2 protein chains.
Amino acid sequence: MEAKEFRKQIASGEFAKPTAGYCEGYVQANMFVIPKEYADDFEKFAKANSKAMPVLEIIKDSYQSKILAPGANLLNELPLYNIVENGVVTQTLTNIEEFYTQDLVFFLIGCSFTFETSLVKNNIPLRHVDMGVNVPMYSTNIKLKPVGIFHGDMVVSMRPIKKERVADACVVTSHYPNMHGTPIQVGYPEMIGIRDIHHPDYGDAVRIEADEIPLFWPCGVTPQNVLKDVKLPFAITHAPGHMFVSDKKDSDYYV
Amino acid sequence: MEAKEFRKQIASGEFAKPTAGYCEGYVQANMFVIPKEYADDFEKFAKANSKAMPVLEIIKDSYQSKILAPGANLLNELPLYNIVENGVVTQTLTNIEEFYTQDLVFFLIGCSFTFETSLVKNNIPLRHVDMGVNVPMYSTNIKLKPVGIFHGDMVVSMRPIKKERVADACVVTSHYPNMHGTPIQVGYPEMIGIRDIHHPDYGDAVRIEADEIPLFWPCGVTPQNVLKDVKLPFAITHAPGHMFVSDKKDSDYYV
């Protein structure tokens with residue numbers, strides 16, 4: 001399906017699920033929305049930690065995308081949003097129109113769902129897509145470079161990969177540096193502070209077969225994890241896995 | 001040092017050690033020498049298993065390289081050779097002139113030492129080079145595709161890589177498909193039948209730090225392992241780690 005058509009469905013309330021596996025070949029993005037007074041610091045923070053938070057677009061004084069999907073309404077064209085107050089998710093909604101003020105700045109951040117089409121085309125199947133669930137995501141002990149008020153730990157997404165395709169998965173995803181690029185950890189979740197791989201902090205658990213190795217990519221849910229430490233009074237985020245599906249093609253970001 | 005100069009030292013008997021870390025930027029090759037009657041089968045076998053045995057040059061009716069190092073004498077310009085009779089190494093020598101007959105066919109096969117310069121330039125240090133020992137190599141349970149009389153299991157070389165550089169090591173080495181390319185296994189030696197990583201089957205053991213992951217690349221010692229199963233009456237090989245250092249540059253084989 002075309003992204004525009006898909007977003008129309010979302011806006012009409014017909015779709016409120018994780019977007020992995022939908023709109024093959026289209027760039028997907030994380031969303032992070034905060035009041036203007038924090039925006040400059042966050043922009044620098046994201047730049048300093050661009051493997052986790054590659055900024056694709058910043059929208060000020062508007063709620064419409066200009067670059068990723070010109071005219072798309074960011075207030076209702078994502079499947080699910082979180083309202084975060086003082087570091088706590090207080091509401092989860094399919095529409096955030098009532099919260100919009102011109103004081104809000106929208107950050108759209110690269111998402112690893114973007115390179116999933118490429119993985120599948122290279123015969124590297126994706127368990128969460130095949131199971132029809134959300135990708136598992138974990139808080140780690142990987143410290144982000146602090147900037148201004150912002151600091152915290154990286155979140156990663158996990159995909160189990162057949163042992164003989166692990167190197168290929170690294171190579172395929174290396175071509176998408178703006179969508180997190182290569183894995184930050186290959187195997188050995190305990191090395192990055194993940195204690196129980198069967199209980200992700202965000203998203204759903206997936207099966208790992210005996211001949212598979214878990215690969216971990218930096219994840220655009222990282223800013224949401226940061227909010228737990230940096231308790232901004234108000235922020236809006238996409239709900240993990242429920243991404244903004246843009247009009248850009250993954251090939252536009254292939255290097 | 002230039003490869004030609006280095007080979008001169010070897011021919012004069014001044015150098016009989018593993019060649020990892022020597023002649024930065026020059027292509028290194030495995031050597032496998034067998035009687036003509038087996039050569040066609042072996043060529044097809046190598047082609048069918050080119051990740052383990054990428055053939056760079058075949059020399060018939062001569063003992064001199066024509067492509068990798070025109071005029072180089074393959075009988076004394078490698079540091080160390082094994083004579084293999086009925087699958088058993090019967091002699092290890094620095095010179096094989098006395099064994100040469102026109103019936104012998106020389107195969108020069110890509111070697112992972114070739115991409116080591118690239119790894120180091122990308123700030124991925126190599127433990128065996130830093131320790132001044134041979135790279136550790138292991139027999140595995142990875143079955144080769146059989147062709148004619150040839151069959152057997154793959155040999156791999158191992159390098160411990162810092163956990164945050166694992167994906168980069170995969171990407172860097174992917175550019176050298178004729179030198180084995182990407183790792184065949186990342187972490188988890190037991191998945192490919194390696195029981196004790198501290199006791200390699202060929203070469204030397206190296207230290208693995210707590211924040212390192214062992215990466216395994218297909219190895220050109222594979223044909224020597226094959227000889228243990230396919231007991232040809234006579235063959236000559238380089239001694240593992242003691243490679244033919246050619247005049248070609250690694251950049252000639254970068255894709």
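This structure is a prediction, so every number in the text was calculated from the model and none was measured.

K.L.:
Which parts of the structure should I look at to understand the overall build of chain A?
P.N.:
Within chain A one finds six helices and eleven strands. Considering only C-alpha atoms, chain A reaches an extent of 50 × 40 × 30 Å along its principal axes. Relative to its 255 residues, chain A shows a buried fraction of 48%.

K.L.:
So what exactly am I meant to see when it comes to the packing of helix α5 (residues 166-174) of chain A against helix α5 (residues 166-174) of chain B here?
P.N.:
It is at 8 Å that the axes of α5 of chain A and α5 of chain B come closest, and there the two elements cross at 85°. Classified by the interaxial angle, the pair formed by α5 of chain A and α5 of chain B is roughly perpendicular. Counting all contacts with α5 of chain A, which are made through Ala-167, Cys-170, Val-171 and Ser-174 of chain A, the residues of α5 of chain B involved are Ala-167, Cys-170, Val-171 and Ser-174 of chain B. Class assignment for the residues of the contact of α5 of chain A with α5 of chain B results in six nonpolar, two polar and no charged.

K.L.:
Is there a simple way to think about the relation of the copies chain B and chain A in this case?
P.N.:
What connects the two chain copies is a rotation about an axis and a shift along it. Note on the identical chains: chain B maps onto chain A by a rotation of 180° and an axial translation of 0.0 Å, with an RMSD of 0.0 Å. The two molecules are tied by a two-fold rotation axis, judged by turn and shift. Considering only C-alpha atoms, the part of chain B nearest the rotation axis is Val-171 of chain B, at 2.6 Å. Taken as a fraction of all interface residues of chain B, those also at the interface in chain A reach 100%, which identifies the copy contact as same-surface.

K.L.:
Could you clarify how one ought to interpret the sheet that holds strand β6 (residues 137-143) of chain A in this entry?
P.N.:
Each strand in a sheet pairs with another by means of backbone hydrogen bonds, the pair being arranged parallel or else antiparallel. All names here are of chain A. Pairing in this open sheet of four strands is antiparallel, and the strands run β6-β7-β9-β8 from one edge to the other. Both edges of this open sheet fall to β6 and β8 (185-186), since each of them pairs with a single strand only. Sheet topology note: the β6/strand β7 (residues 153-162) ladder contains four bridges and is antiparallel. Opposite Lys-143, over in β7, you have Asp-153 as the bridge partner. Along the sheet, α5 contacts β7, β8 and β9 (212-218); its crossing angle with β9, the most-contacted strand, is approximately 20°. Seen against the sheet, helix α6 (residues 222-229) touches β6, β7 and β9 and runs at an angle of roughly 145° to β7.

K.L.:
Help me understand helix α2 (residues 36-48) of chain A, please; the structure alone is not making it clear to me.
P.N.:
In an α-helix there are 3.6 residues to a turn, and that puts residues three or four apart on one side. All names here are of chain A. The end-to-end C-alpha distance of α2, which contains 13 residues, comes to 19 Å, matching closely the 18 Å that a straight helix rising 1.5 Å per residue would cover. Within α2, the full set of buried residues consists of Phe-42, Phe-45 and Ala-46. Considering only its buried residues, α2 is in contact with β1 (26-35), β2 (55-59) and β5 (104-110).

K.L.:
Looking at this structure, how should I read the domain arrangement of chain A?
P.N.:
How big an interface is tends to be stated in terms of the accessible area lost upon association of its parts. Residue and element names in this part refer to chain A. Parsing chain A into structural domains produces domain 1 (3-111 + 228-253) and domain 2 (113-218). Summarising the inter-unit geometry, the C-alpha centres of domain 1 and domain 2 are found 20 Å apart. Each partner contributes to the interface: domain 1 provides 27 residues, whereas domain 2 provides 29 residues. Mapped onto the side of domain 1 that touches domain 2, the elements with two or more residues apiece are β1 and α2. The biggest single contributor to the side of domain 1 that touches domain 2 is α2, with five residues. For the side of domain 1 that touches domain 2, the residue count by class is 14 nonpolar, seven polar and six charged.

K.L.:
Could you clarify how one ought to interpret the interface of chain B and chain A in this entry?
P.N.:
The partner chain A presents 18 residues to the 18 residues of chain B that form the contact. Of all elements in the fold, only α5 and β8 (185-186) of chain B reach the threshold of two or more residues within the side of chain B that touches chain A. Looking at the side of chain B that touches chain A, the element that brings in the most residues is α5 of chain B, giving six residues.

K.L.:
Before we go on, may I ask you to explain helix α1 (residues 3-11) of chain A in this structure?
P.N.:
All names here are of chain A. For α1, the full list of buried residues reads Ala-3, Arg-7 and Ile-10. Down the axis, α1 shows its buried residues gathered within 55° of arc, on one side only. Contacts from the buried residues of α1 go to β1 and β11 (244-249).

K.L.:
Just checking my understanding: could you explain the confidence of the model for chain A for this structure?
P.N.:
Atom-level detail of predicted coordinates should not be read off regions where pLDDT is low. Within chain A, residue pLDDT values average 97, and 100% of them lie at 70 or more. Among the prediction metrics, the complex's ipTM stands at 0.89, with pTM recorded as 0.92.

K.L.:
Explain the environment of Val-186 of chain B here, please?
P.N.:
Structurally, the position occupied by Val-186 of chain B is in strand β8. Residues Val-186 of chain B and Leu-215 of chain B lie 29 residues apart in sequence; the distance between their C-alpha atoms is 4.7 Å. Filtering out sequence-adjacent residues up to four positions away, Val-186 of chain B remains in contact with Val-166, Ala-167, Val-186, Gly-187 and Ile-213 of chain A together with Val-166, Ile-213 and Leu-215 of chain B.

K.L.:
How should the environment of Pro-18 of chain A be read in this particular structure?
P.N.:
By the element assignment, Pro-18 of chain A lies in the loop between α1 and β1. Apart from residues lying up to four places away in sequence, Pro-18 of chain A is in contact with Asn-134, Gly-241 and His-242 of chain A.

K.L.:
I keep staring at the sheet that holds strand β9 (residues 212-218) of chain B and nothing clicks. Help me out?
P.N.:
Residues and elements named next belong to chain B. Reading across the sheet, the four strands line up as β6-β7-β9-β8 and stay open at both edges, with antiparallel pairing between neighbours. Both outer strands of the open sheet, β6 (137-143) and β8, are each paired with one neighbouring strand and no more. Inspection of the sheet shows β8 paired to β9 by two bridges, in the antiparallel sense. Following the sheet pairing, Val-186 is matched in β9 by Leu-215. The strands touched by α5 are β7 (153-162), β8 and β9; relative to β9, the strand with the most contacts, the crossing angle is about 20°.

K.L.:
For this particular structure, what's the right way to read the nonpolar core?
P.N.:
It is characteristic of soluble globular proteins that their nonpolar side chains tend to be buried jointly. Within the largest apolar cluster, 150 residues are counted, with the highest numbers of intra-cluster contacts made by Ala-29 and Val-156 of chain A together with Ala-29 and Val-156 of chain B. Ignoring any residue separated from it by four or fewer positions in sequence, one finds Ala-29 of chain B in contact with Leu-56, Leu-68, Leu-108, Ile-109, Gly-110, Cys-111, Met-243, Phe-244 and Ser-246 of chain B.

So, how was this worked out
Residues numbered from 1 in each chain as written. Chains lettered and ligands numbered in written order. Predicted model: local features only at pLDDT ≥ 70, side-chain atom pairs only at ≥ 80, totals over all residues. Helix = DSSP H or I, 4+ residues; strand = E, 2+ residues; numbered from the N terminus. Buried ≥ 20, exposed ≤ 12 C-beta atoms within 10 Å, placed from the backbone. Axes fitted to C-alpha atoms, helices over the stretch in contact; angles between N-to-C directions. Parallel < 35°, antiparallel > 145°, perpendicular 65-115°, else oblique. Contact = placed C-beta atoms within 7 Å. Nonpolar A, V, L, I, M, F, W, Y, C, P; charged D, E, K, R; others polar. Least-squares fit on C-alpha atoms with pLDDT ≥ 70 in both. Pairing = 2+ DSSP bridges. Expected span 1.5 Å × (residues − 1). Domains from an automatic or database assignment. Arc of directions from axis to C-beta. pLDDT = per-residue confidence, 0-100. Core = buried A, V, L, I, M, F, W, Y, C linked by C-beta atoms within 7 Å.

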